[in-house]
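Coordinates in review
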Amino acid sequence: MALFFCDISDFMVKYIIVNTIYKGVTDLSAYKKIKGTQDIFGKEIDYWKYFEEKANDFMGRYAFNEIRTPIMEQTELFHRGIGEGTDVVQKEMYTFDDKGGRSVTLRPEGTASAVRAYIENSLMNMGSPIKLYYNGPMFRYEKPQSGRLRQFHQFGCEIFGTADVLADAELISIAHNLFSEIGLRKYTIKINSIGKKEERENYIKALKDYYGNYLSEMCDDCKVRYENNTMRLLDCKIDTQYAKNAPSILDFLGEESKKDFENLKKYLDILGVPYVVDPGIIRGLDYYNNTAFEIEHELLGAQGVIAGGGRYDGLVSEIGANPTPAVGFAIGIERVILSMKAEGIEVSDESPVDVYVIFSGEEAKKEALEISNELRKRGINVFMNISSRNFSAQMKHSNKINSKFTAIIGEDEVKEKIITFKEMSNGEQTKVEKNWFLEIIEEKLKKQ
Ligand code: HAM
């Protein structure tokens, strides 16, 4: 036994220690995030903040007001709003009974909630048209893959109270201008008109005649779609060969729908928004009429649709209020960030820490607290040492988190009433009188 302990090598001791720590970590990570969800942190957050800041700024430019609705709603709202025959309602909703026995659903999208809130809070009284936007998590039980999550985030806009396609054009141009401003180039805006209900009924008859010839050769999902959601046949990812020769909805539009679609194109031309007309854009939710559009990023593959929307003039009355024309769209934030990365768009990794304050000793701690407080009052971002680590460990941490300056307060600094600060980009170290420190740092940060 004694021999064993004598022989134990340094390496083995390290191995045992590391292994013990590692075991602790694996025990902890027994809890995993739910499939199809994501933790968003570190560099990833820079992308999110960048996108959200730009998008919020755009909402100001176009005079939209923010709305925040609950992430859960009565299940019936989505059945009614999105449509019984849709994939979302049939297969993808997170629905459960709460402890009071009410059926509740985690929202799979934002439009039905916005409509509910519009009616419930009588937002029409705030003046018409009303322009709302939202940003938040949505939940769909889909098969997770790159760009397809079970909890994902949408940035959406809805306009209530105008039937003029100027509103449709405004929304499409918001998406285009926002995407261009964040640096995206490789996307295509596809627009279509799916007409009014009666026009669609005629179209669906024609589609049934056409697809009826091929149904026996088509996939099982298509056989179900043929009966319940015929227009979705155009969207099948397996039997793609039939869609190209299928009848086009554009040939079934009445005069008014045709005129609206022509006007939409005219306004987009005036606004300098590039688009292609694609009669295959029919959208997956039941509430749409007339304008339907999707924006597809060419580097994302199967999950390339980064935004989609259209007009839904029947939804407000379907949910229970006076008929109110409405139009909107939503951007999938995860997909936009994937597109930014695919196009090599870098976002600034500017450090959020302007000054890292390190100290040693009780007196210095007092000074460090005071200085940090004063810096923060001037709007400067400060990381004050809040662990009891030594100087060199603190300096290493300051380096690691990319602080711009490190303020050093040791015993000498306290005695001499000075502060030493280091400019982290060039390593230059300067001693200044305590009274001047705040001014000098403020000036230096302004120049950076
Ligand atoms: P949607 O096309 O179902 O429309 O979703 C909008 C966007 O959300 C999609 O284009 C996509 O970028 C993103 N998205 C959808 N599902 C997922 C998922 N599982 N994972 C990641 N991203 C996803 C709507 O939701 C409508 N409410 C849009 C709208 C607003 N129409 C009128 N107003």
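That block above? That's the structure.
Note that the coordinates shown come from a computational prediction; the quantities given were computed from them, not determined experimentally.

1. Some details on the sheet that holds strand β10 (residues 305-311)
Spatially, eight strands are ordered β1-β5-β6-β11-β10-β9-β7-β8 in an open sheet, and the strand pairing comes out mixed. Each edge of the open sheet is held by one strand with a lone partner, namely β1 (65-66) and β8 (276-277). The sheet contact formed by strand β6 (residues 151-160) and strand β11 (residues 326-332) spans seven bridges and is antiparallel. Following the sheet pairing, Gly156 is matched in β11 by Ala330. Against the sheet, helix α3 (residues 43-61) contacts β5 (130-139), β6 and β11, and its axis sits at roughly 5° relative to β6.

2. Some thoughts on the sheet that holds strand β14 (residues 405-409)
Ordered in space as β13-β12-β14-β15-β16, the five strands form an open sheet in which the pairing is mixed. Pairing within the sheet leaves two strands with one partner each, and these edge strands are β13 (382-384) and β16 (429-433). Pairwise comparison of adjacent strand axes, ignoring direction, gives a mean angle of 25° for this sheet. Judged from the five bridges that link them, strand β15 (residues 418-423) and β16 form a sheet pairing that is antiparallel. Across the sheet, the residue bridging to Thr420 is Lys431, located in β16. Set on the sheet, helix α13 (residues 362-377) makes contact with β12 (355-359), β13, β14 and β15; between it and β13 the angle comes to about 165°. Across the face of the sheet, helix α16 (residues 434-447) comes into contact with β12, β14, β15 and β16 while running at roughly 20° to β15.

3. Some words on the packing of aromatic side chains
Tallying each qualifying case throughout the model produces 17 aromatic pairs. For the ring pair Phe293 and Phe329, a centre distance of 6.0 Å and an interplane angle of 45° mean the geometry is tilted. In this pair, Phe293 sits in strand β9 (residues 289-297) while Phe329 sits in strand β11, placing the two residues 36 residues apart along the sequence. Judged by its relative accessible area of 3%, Phe329 falls in the buried class. Aromatic rings pair up to connect Tyr118, Phe160, Tyr287, Tyr288 and Tyr312 into one cluster. Positioned over the ring face of Tyr141 is Arg150, at 3.8 Å from the centre of the ring.

4. Details of the pattern of salt bridges
Applying the stated criterion across every chain yields a total of 29 salt bridges. For the salt bridge of Lys131 with Glu170, the shortest nitrogen-to-oxygen distance reads 2.6 Å. With Lys131 in strand β5 and Glu170 in helix α7 (residues 165-181), the pair connects residues that are 39 residues apart, well separated along the chain. The class of Lys131 is buried, set by a relative accessible area of 18%. Two residues, Glu367 and Lys434, come together in a salt bridge whose shortest N-O distance is 3.2 Å. In this pair, Glu367 sits in helix α13 while Lys434 sits in helix α16, placing the two residues 67 residues apart along the sequence.

What counts and what doesn't
- Residues numbered from 1 in each chain as written.
- Predicted model: local features only at pLDDT ≥ 70, side-chain atom pairs only at ≥ 80, totals over all residues.
- Heavy atoms only, no water.
- Pairing = 2+ DSSP bridges.
- Helix = DSSP H or I, 4+ residues; strand = E, 2+ residues; numbered from the N terminus.
- Contact = heavy atoms within 4.5 Å.
- Axes fitted to C-alpha atoms, helices over the stretch in contact; angles between N-to-C directions.
- Phe/Tyr/Trp six-rings, centres within 6.5 Å; stacked < 30°, edge-to-face > 60°.
- Buried < 20%, exposed > 50% of the residue type's maximum accessible area, 1.4 Å probe, protein only.
- Lys NZ or Arg CZ within 6 Å of the ring centre and 35° of its normal.
- Salt bridge = Lys/Arg side-chain N within 4 Å of Asp/Glu carboxyl O.

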